[in-house]
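# Fold and geometry: a report
Here is what each chain is made of, one letter per residue.
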Amino acid sequence: MKPIKEGKVREIYDNGDSLIMVATDRISCFDIILNNTVTNKGAVLTQMSRFWFDFTKDILPNHMISADTNDMPEFFRTPEFAGKCMMCKKLTMLPVECIVRGYITGSGWTSYQKDGTVCGIRLPEGLKEADKLPEPIFTPSTKAEIGDHDENISFEQSIDYLEERFPGKGEEYAKTLRDCTIALYKKCADYALSRGIIIADTKFEFGLDEDGNVVLADEMLTPDSSRFWPADRYEPGHSQPSFDKQFARDWLTAHKNADGSIPPQVPQEVTDKTIVIYLQAYQMLTGKELAV
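Report follows, based on the coordinates.

The rules behind these values
- Residues numbered from 1 in each chain as written.
- Predicted model: local features only at pLDDT ≥ 70, side-chain atom pairs only at ≥ 80, totals over all residues.
- Heavy atoms only, no water.
- Disulfide = S-S within 2.5 Å.
- Buried < 20%, exposed > 50% of the residue type's maximum accessible area, 1.4 Å probe, protein only.
- Salt bridge = Lys/Arg side-chain N within 4 Å of Asp/Glu carboxyl O.
- Helix = DSSP H or I, 4+ residues; strand = E, 2+ residues; numbered from the N terminus.
- 1 Å grid on protein atoms, 1.4 Å probe; cavity = no way out; pocket = protein on both sides within 12 Å on 5 of 7 lines; lining within 4 Å.
- Points joined across faces, edges and corners; volume = space filled by probe spheres on them.
- Nonpolar A, V, L, I, M, F, W, Y, C, P; charged D, E, K, R; others polar.
- Contact = heavy atoms within 4.5 Å.
- Pairing = 2+ DSSP bridges.
- Axes fitted to C-alpha atoms, helices over the stretch in contact; angles between N-to-C directions.

Here we come to the state of the cysteines. As enumerated under the stated definition, the model contains zero disulfides in all. This cysteine, Cys 85, is not joined by any disulfide, and Cys 88 carries the nearest cysteine sulfur, 10 Å off. Its relative accessible area of 0% is what places Cys 85 among the buried residues. No disulfide involves Cys 180; its sulfur sits 9.0 Å from that of Cys 98, the nearest cysteine. In this structure Cys 180 comes out as buried when scored by relative accessible area, which is 12%.

Listed below in structure tokens is the structure:
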């Protein structure tokens, strides 16, 4: 079998009336696929998404059918794919990345320092880096192709963006995406905090099923798509230690090439530390060791 689509990290296979999504061990930073692989990273991403999909199915249906390779074609029942595969419903994807921020950090902090706003949303004065926001904010972006950068857009722009692709439905879909994104974040952030992890921000993706219903898709609250901070070390006023690939991002930022571009790979010790961090986050959130 050959994938019908390849993303920065995921590969998608056609399985007739369903899709099989495989999370590889590739790692991407700043929308660039690095030359490194991170052993077992794909399994963490798939099993973490599996956990959250089960946890939030009372809020919104999701695309997961099964994460057991015994339910999939024989091609996927090999050590190479162990723990990394998810059989999913076929959806018409909505072309908006639904980013939600509960804390001021990253590009949001950079924007706030310039003019007191994040993606056009004015925030209270006097916030420090990594401060918790009064309420989570929805800051969507366009979904870029590989090699391109996602573009931040306002909620109003997301309405127009969706209207172009789904005439007569733009406002309805935009409001649904915003409301579901905030609801999912609040439930999961509260749970994660009880397990010792702050979810500073994350992104969700959604699609439409054959009946036109909005369905949660892709990955969910993984270290690839989220900023996870240890709650016991949280201290506003500076960047926070994290359980995600920020460690790799920080190394790349500190070792840029002379022309300002990032290197194509990171040292082995960086990838080794990255998987330790991913596994620790998985265990804290699920209460289980990763079974591959």
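Anyway, onward from the coordinates.
A few words now on the pattern of salt bridges. On inspection of all chains with the given rule, the structure shows 17 salt bridges. Residue Asp 25 pairs with Lys 84 through a salt bridge whose shortest N-O separation is 3.1 Å. Taken together, the residues span a long stretch of sequence, with Asp 25 in the loop between β3 (18–23) and β4 (26–29) and Lys 84 in the loop between β6 (64–66) and β7 (85–89) at a distance of 59 residues. According to the relative accessible area criterion, Lys 84 is buried, its value standing at 14%.

As a further point, take unusual backbone geometry. Here the phi dihedral of Cys 119 falls at roughly 50°; this positive angle occurs in a residue that is not glycine. Looking at the secondary structure, you find Cys 119 in the loop between β10 (117–118) and β11 (121–122). Unlike most non-glycine residues, Ala 130 shows phi in positive territory, near 75°. For Ala 130, a relative accessible area of 0% translates into the label buried.

Right, let's get into the environment of Asp 17. On the secondary structure map, Asp 17 appears in the loop between β2 (10–14) and β3. On the accessibility criterion, Asp 17 (72% relative accessible area) is exposed. Spatially, the C-alpha atoms of Asp 17 and Lys 288 are 32 Å apart, while their sequence positions differ by 271 residues.

Another point: the layout of surface pockets. Here the second largest pocket defines a volume of roughly 210 Å³. Forming the boundary of the second largest pocket are 15 residues, of which Tyr 103, Lys 132, Tyr 185, Ala 189 and Asp 190 lie nearest the centre. Residue classes in the lining of the second largest pocket are distributed as ten nonpolar, one polar and four charged.

This part takes up the side chain of Ser 154. In this structure, Ser 154 sits in the loop between β13 (141–142) and α3 (155–165). A relative accessible area of 17% means that Ser 154 is categorised as buried. Once you skip the residues sitting within four places of it in the chain, Ser 154 turns out to touch Cys 119 and Pro 140.

This paragraph deals with the sheet that holds β2. With antiparallel pairing, the five strands of this open sheet are ordered in space as β1-β2-β3-β7-β6. At either end of the open sheet lies a strand with only one pairing partner, and these are β1 (5–6) and β6. Of the pairings in the sheet, the one linking β1 to β2 comprises two bridges and is antiparallel in character. Among the inter-strand pairings, Lys 5 is bridged to a residue of β2, identified as Ile 12. Relative to the sheet, helix α1 (residues 41–56) contacts β2, β3, β6 and β7, its axis offset from that of β7 by approximately 45°.

Purely geometric numbers; function is a separate question.
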